[in-house]
Amino acid sequence: MNIDWAALASVFGVSLVITVALVGLFTLGVTGLAKQTATAQGGGGGIVARTGAYACFALCVAAVAYGIYLIVA
């Protein structure tokens, strides 16, 4: 059995980077929703935080959908 270590390392590296990026996007979305709630009580700026949070969540959904597409197709 012959293992292509370079390909394995490449897959590991890409998986690690994509996972960290996806978790980071989701964290930004949650943080944006938390700031939106905090600014809604104090007034002003809540719409920008909510829009940014929804954009982060949309990018997360798009990344997951693309991953499923790659697996299925």
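Parameters at a glance
Residues numbered from 1 in each chain as written. Predicted model: local features only at pLDDT ≥ 70, side-chain atom pairs only at ≥ 80, totals over all residues. Heavy atoms only, no water. Helix = DSSP H or I, 4+ residues; strand = E, 2+ residues; numbered from the N terminus. Buried < 20%, exposed > 50% of the residue type's maximum accessible area, 1.4 Å probe, protein only. Areas by Shrake-Rupley, 256 points an atom, 1.4 Å probe, with all protein chains shown as cover. Phe/Tyr/Trp six-rings, centres within 6.5 Å; stacked < 30°, edge-to-face > 60°. Patch = residues over 30% accessible without salt bridge, like charges linked within 9 Å, V, L, I, M, F, W, Y side chains within 5 Å. Salt bridge = Lys/Arg side-chain N within 4 Å of Asp/Glu carboxyl O. Contact = heavy atoms within 4.5 Å. Disulfide = S-S within 2.5 Å. Expected span 1.5 Å × (residues − 1).

**Re the overall build of the protein chain**
For step 1, the next point in the chain: Secondary structure assignment for the protein chain yields two helices and zero strands.
For step 2, the next point in the chain: Taken across its 73 residues, the protein chain has 11% of its residues classed as buried.
For step 3, the next point in the chain: Surface exposure of the protein chain reaches about 5600 Å², of which carbon and sulfur atoms provide 77%.

**Quick notes on the packing of aromatic side chains**
For step 1, the next point in the chain: What the rule picks out here adds up to two aromatic pairs.
For step 2, the next point in the chain: Note on Phe26 and Phe57: the rings are 5.3 Å apart at their centroids and 55° apart in plane angle, and the pair reads as tilted. Here the residue Phe26 occupies a position in helix α1 (residues 5-42), and Phe57 occupies one in helix α2 (residues 46-72), the gap between them amounting to 31 residues.
For step 3, the next point in the chain: For Phe26, a relative accessible area of 46% translates into the label partly exposed.

**Notes on a nonpolar patch on the surface**
For step 1, the next point in the chain: A cluster of nonpolar side chains, Met1, Ile3, Trp5 and Leu8, forms an exposed patch at the surface whose accessible area comes to about 560 Å².
For step 2, the next point in the chain: In this fold, Trp5 is placed in helix α1.

**Focus: the environment of Ala53**
For step 1, the next point in the chain: Within the element layout of this structure, Ala53 appears in helix α2.
For step 2, the next point in the chain: Along the sequence, Ala53 and Val30 sit 23 residues apart, while their C-alpha atoms lie 6.7 Å from each other.
For step 3, the next point in the chain: Once residues lying within four places of it in the same chain are set aside, the contact partners of Ala53 are Gly29, Gly32 and Leu33.

**Looking at the state of the cysteines**
For step 1, the next point in the chain: Counted according to the given criterion, the structure contains zero disulfides.
For step 2, the next point in the chain: No disulfide involves Cys56; its sulfur sits 7.0 Å from that of Cys60, the nearest cysteine.
For step 3, the next point in the chain: Note on Cys56: relative accessible area 12%, which makes it buried.

**Things to note about α2**
For step 1, the next point in the chain: Between its first and last C-alpha, α2 extends 39 Å over 27 residues, near the 39 Å set by a 1.5 Å rise per residue.
For step 2, the next point in the chain: By the burial criterion, the buried members of α2 are Gly46, Ala49, Ala53, Cys56 and Cys60.

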